[in-house]
Amino acid sequence: MDYIGNQEIIDIGLLTAKVASLNDEKARIAIGGVSLVYNSTQFARFCQMSAEYSQILSLVSFRAKLIGHTTNQELELARQANEGIQYCQQQMIKHGIISATDIASLLFEMINSLSKKQ
């Protein structure tokens, strides 16, 4: 199984755990924390990958300007790097939204917990 398949399994697993923990406050907080750490890590990872793809595009562009032309292999490399950047941006949006939702959910849980104690 490839990495993308594993990532989707983890995403579905975390969502399933969130649903399963709806009636248990401590479990909701724990799952929310795990989800926040995972999605924040994924966001950072895709930021780094996007930067690496951008470096490849810059290198190909610099070489083309220096020499005055590109090879078919360089054009293919640039196309793949551009597709990689687009994929990373989509993943950054996805993991960013999930992270923001996890933060809001955890804050709500903490406020709710504090109001119960008073």
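Structure first, text after, so check above.
Keep in mind that what you see is a predicted model, and the values were worked out from it rather than measured.

Draft legend 1. Structural detail: the overall build of the protein chain. Along the backbone of the protein chain there are 3 helices and 0 strands. Secondary structure elements of the protein chain, listed N to C terminal, follow the sequence α-α-α. Relative to its length of 118 residues, the protein chain is extended, with a C-alpha radius of gyration of 20 Å against a globular reference of 13 Å. Look at the contacts in the protein chain between residues 6 or more apart in sequence, and 77% of them connect residues 24 or more apart. When the accessible area of the protein chain is evaluated, it comes to approximately 8,000 Å², of which 66% is carbon and sulfur surface. A distance of 6 Å separates the average location of the 10 positive side-chain charges in the protein chain from that of its 11 negative side-chain charges.

Draft legend 2. Spatial organisation of the layout of surface pockets. Looking at the largest pocket, its volume works out to about 170 Å³. Considering the residues around the largest pocket, the lining is formed by Lys 18, Ser 21, Leu 22, Arg 28, Gly 32, Thr 101, Asp 102, Ser 105, Leu 106 and Glu 109. Elements represented by at least two residues in the lining of the largest pocket include exactly α2 (25-67) and α3 (72-117). Looking at the lining of the largest pocket, the element that brings in the most residues is α3, giving 5 residues. Split by residue class, the lining of the largest pocket holds 2 nonpolar, 4 polar and 4 charged.

Draft legend 3. Local environment of the packing of α2 against α3. Between α2 and α3, the least distance of the axes is 7 Å, while the angle of their chain directions is 155 degrees. It follows that α2 is roughly antiparallel to α3 by the angle criterion. Judged by the sense of rotation from one axis to the other, the crossing of α2 with α3 is left-handed. Across the contact of α2 with α3, the residue classes tally to 21 nonpolar, 15 polar and 7 charged.

Basis of the calculations
- Residues numbered from 1 in each chain as written.
- Predicted model: local features only at pLDDT ≥ 70, side-chain atom pairs only at ≥ 80, totals over all residues.
- Heavy atoms only, no water.
- Helix = DSSP H or I, 4+ residues; strand = E, 2+ residues; numbered from the N terminus.
- Rg over C-alpha atoms; globule rule 2.2 N^0.38 Å.
- Contact = heavy atoms within 4.5 Å.
- Areas by Shrake-Rupley, 256 points an atom, 1.4 Å probe, with all protein chains shown as cover.
- Lys, Arg positive; Asp, Glu negative; His and termini not counted.
- Charge placed at Lys NZ, Arg CZ, Asp CG, Glu CD.
- 1 Å grid on protein atoms, 1.4 Å probe; cavity = no way out; pocket = protein on both sides within 12 Å on 5 of 7 lines; lining within 4 Å.
- Points joined across faces, edges and corners; volume = space filled by probe spheres on them.
- Nonpolar A, V, L, I, M, F, W, Y, C, P; charged D, E, K, R; others polar.
- Axes fitted to C-alpha atoms, helices over the stretch in contact; angles between N-to-C directions.
- Parallel < 35°, antiparallel > 145°, perpendicular 65-115°, else oblique.
- Left-handed = near helix turned anticlockwise from the far one by under 90°.

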